[in-house]
Amino acid sequence: MSNPGGNLLHGVVQAAVQAVSSYLMCASSSSSSESDSDDPVFEDLMFKACGRKDRQKRHRVENFVEDVVAKYSDEEFRRNFRLKRSTAEHLVSRYEGSEFYVANAGVGRKNVPAKQQMLSFLW
C-alpha cells in the first residue's frame, strides 16, 4: 500500500535540504561579515525548512534596562522590583558568577545580559 502523505513529506524535506544547501553555498561565497543567525533570509528559510510558521516580530523597547530602568529613582526601582536597587545588584553579581548563567559563546544569537535576565525575573 502506498503512503502519499509520506512521499509528500519526503519531497518537502528533500526540497528544504536542497534550498538550505543552495543558500549556504551562496552565503559562504559572499563576503558578508554577518553570521547566519543574524540573517533574516536564513532565519526564514530555517523556519520554513522545519515546518514552522514565519517568525513574528514583536514590538519591544530597545535598551529598556539601560535607558529606562537605570534612570529610575531608588523609590521607583523599589516599587517596580519590590526590593532595593543594591539588593538587585547583589543578586545580579551572584547570578553572573554562578554556574547557571551562561555567557555568550559567540554562536547563535547574542545572550541576554545577566542584569536583564535577573530584572525580568524580578519584575
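- An unreviewed UniProt entry annotates the protein as Secreted protein of Aedes albopictus.

## Considering the overall build of the protein
And then number 1: Counting its regular elements, the protein contains six helices and zero strands.
And then number 2: In the protein, which comprises 123 residues, the share counted as buried stands at 19%.
And then number 3: In the protein, the proportion of contacts linking residues at least 24 apart, taken out of those at least 6 apart, comes to 38%.
And then number 4: With the model as given, the accessible surface of the protein reaches about 10,200 Å², and the carbon-plus-sulfur share is 55%.

## Description of the packing of aromatic side chains
And then number 1: For the structure on display, the rule yields four aromatic pairs.
And then number 2: Here the aromatic rings of Phe64 and Trp123 are separated by 6.2 Å at their centres, their planes lie at 65 degrees, and the arrangement is edge-to-face. With a gap of 59 residues between them, Phe64 in helix 3 (residues 64–67) and Trp123 in the segment after helix 6 (114–122) connect regions that are remote in the sequence.
And then number 3: For Trp123, a relative accessible area of 45% translates into the label partly exposed.
And then number 4: An aromatic cluster is present here, built from Phe64, Phe77, Phe81 and Trp123 joined pairwise through their rings.

## Here we look at the nonpolar core
As a rule of thumb, soluble globular proteins bury nonpolar side chains together.
And then number 1: Judged by nonpolar contacts, the single largest core of 14 residues is most densely connected at Val69, Phe77, Phe81, Ala88, Leu119 and Leu122.
And then number 2: Secondary structure elements with two or more residues in this core: helix 4 (74–81), helix 5 (85–96) and helix 6.
And then number 3: The biggest single contributor to this core is helix 6, with four residues.
And then number 4: With residues near it in sequence (within four places) discarded, Phe81 still touches Val69, Tyr72, Leu119, Leu122 and Trp123.

## Re the pattern of salt bridges
And then number 1: Per the stated rule, a full pass over the model turns up two salt bridges.
And then number 2: With a closest N to O distance of 3.3 Å, Arg85 and Asp74 form a salt bridge. With a gap of eleven residues between them, Arg85 in helix 5 and Asp74 in helix 4 connect regions that are remote in the sequence.
And then number 3: On the basis of relative accessible area, Arg85 is assigned to the buried category, the value being 18%.
And then number 4: The exposure class assigned to Asp74 is exposed, which follows from its relative accessible area of 56%.
And then number 5: Notably, a salt bridge pairs Arg78 with Glu75, separated by 2.8 Å at the nearest N-O pair. Note that Arg78 and Glu75 are positioned in helix 4 at a spacing of three residues, about one turn of the helix.
And then number 6: Classification of Arg78 as partly exposed rests on a relative accessible area of 40%.

How each quantity is defined
Residues numbered from 1 in each chain as written. Predicted model: local features only at pLDDT ≥ 70, side-chain atom pairs only at ≥ 80, totals over all residues. Heavy atoms only, no water. Helix = DSSP H or I, 4+ residues; strand = E, 2+ residues; numbered from the N terminus. Buried < 20%, exposed > 50% of the residue type's maximum accessible area, 1.4 Å probe, protein only. Contact = heavy atoms within 4.5 Å. Areas by Shrake-Rupley, 256 points an atom, 1.4 Å probe, with all protein chains shown as cover. Phe/Tyr/Trp six-rings, centres within 6.5 Å; stacked < 30°, edge-to-face > 60°. Core = buried A, V, L, I, M, F, W, Y, C linked by side-chain atoms within 4.5 Å. Salt bridge = Lys/Arg side-chain N within 4 Å of Asp/Glu carboxyl O.

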